[in-house]
Amino acid sequence: MEFDAQDFLDRYAGAYNNRDPERMRTFFDLSDERFAVFEDFTGDLIDGEAYSAMLEAAFDATGRMTFELLRCDDFGGVAVLHAIQKVVLEDVEEGIGEARIRATLWVKTGEDAPRVVSAHFSAVPSAGEECSMGGCGCAGSVGEY
């Protein structure tokens, strides 16, 4: 069966939007000893046990999540997904805000159900930020590397 990356991301966002941490956990292979998530926001490398606990926070979340799939490469048993994760937050006092996050997910696809075994999340640079590649003018854009 062929791996459908957009469907996988849409179902994960649905679990978040339904505030269902238990269902969200089914998208991650938290018991795999290789499991790791790196978030630039914290600078931490998070293991399966800690990430499982973090997913519990979805129960209290107020945002709505979607994904824009940029690319998926399937290597026969492992797929690498590059996407922009968007979380729209509504606050009575602050109004509406949007978080845009670059997501790179390594998904095991050769088993019963596809599951993330490793991921990297980082902020999408704003248009005013300098590119980390030395001012090449690509800040705020998503393109080829």
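Residues numbered from 1 in each chain as written. Predicted model: local features only at pLDDT ≥ 70, side-chain atom pairs only at ≥ 80, totals over all residues. Heavy atoms only, no water.

**Quick word on the packing of aromatic side chains**
Logical step 1: All chains considered together, the criterion is met by eight aromatic pairs.
Logical step 2: The structure contains a cluster of three or more aromatic residues connected by ring pairs, namely Phe3, Phe8, Tyr12, Phe27, Phe28, Phe35, Tyr51 and Phe67.
Logical step 3: We note Arg19 situated over the ring of Tyr16; from NZ or CZ to the ring centre the distance is 5.1 Å. (Phe/Tyr/Trp six-rings, centres within 6.5 Å; stacked < 30°, edge-to-face > 60°. Lys NZ or Arg CZ within 6 Å of the ring centre and 35° of its normal.)

**Examining the confidence of the model for the protein chain**
Logical step 1: Confidence in the prediction for the protein chain averages 86 pLDDT; 84% of positions are at 70 or higher.
Logical step 2: The weakest mean pLDDT in the protein chain belongs to strand S5 (residues 95-108) at 91; the strongest belongs to helix H1 (residues 5-17) at 97.
Logical step 3: The low-confidence segment residues 133-145, where pLDDT is below 50, has 13 contacts with residues more than four positions distant or belonging to other chains. (pLDDT = per-residue confidence, 0-100. Helix = DSSP H or I, 4+ residues; strand = E, 2+ residues; numbered from the N terminus. Contact = heavy atoms within 4.5 Å.)

**Some points on the nonpolar core**
Logical step 1: Counting residues in each nonpolar core, the largest one holds 31 residues, and the members touching the most others are Phe8, Tyr12, Phe28, Tyr51, Leu81, Leu105 and Phe121.
Logical step 2: When contributions to this core are tallied by element, the ones reaching two or more residues are H1, helix H3 (48-55), strand S3 (64-74), strand S4 (78-91), S5 and strand S6 (115-123).
Logical step 3: At seven residues, H1 tops the list of elements feeding residues into this core.
Logical step 4: In this view, Leu81 contacts Phe3, Ala5, Phe8, Leu9, Leu69, Arg71, Cys72, Ala103, Thr104, Leu105 and Val107; residues no more than four positions away in its chain are not counted. (Core = buried A, V, L, I, M, F, W, Y, C linked by side-chain atoms within 4.5 Å. Buried < 20%, exposed > 50% of the residue type's maximum accessible area, 1.4 Å probe, protein only.)

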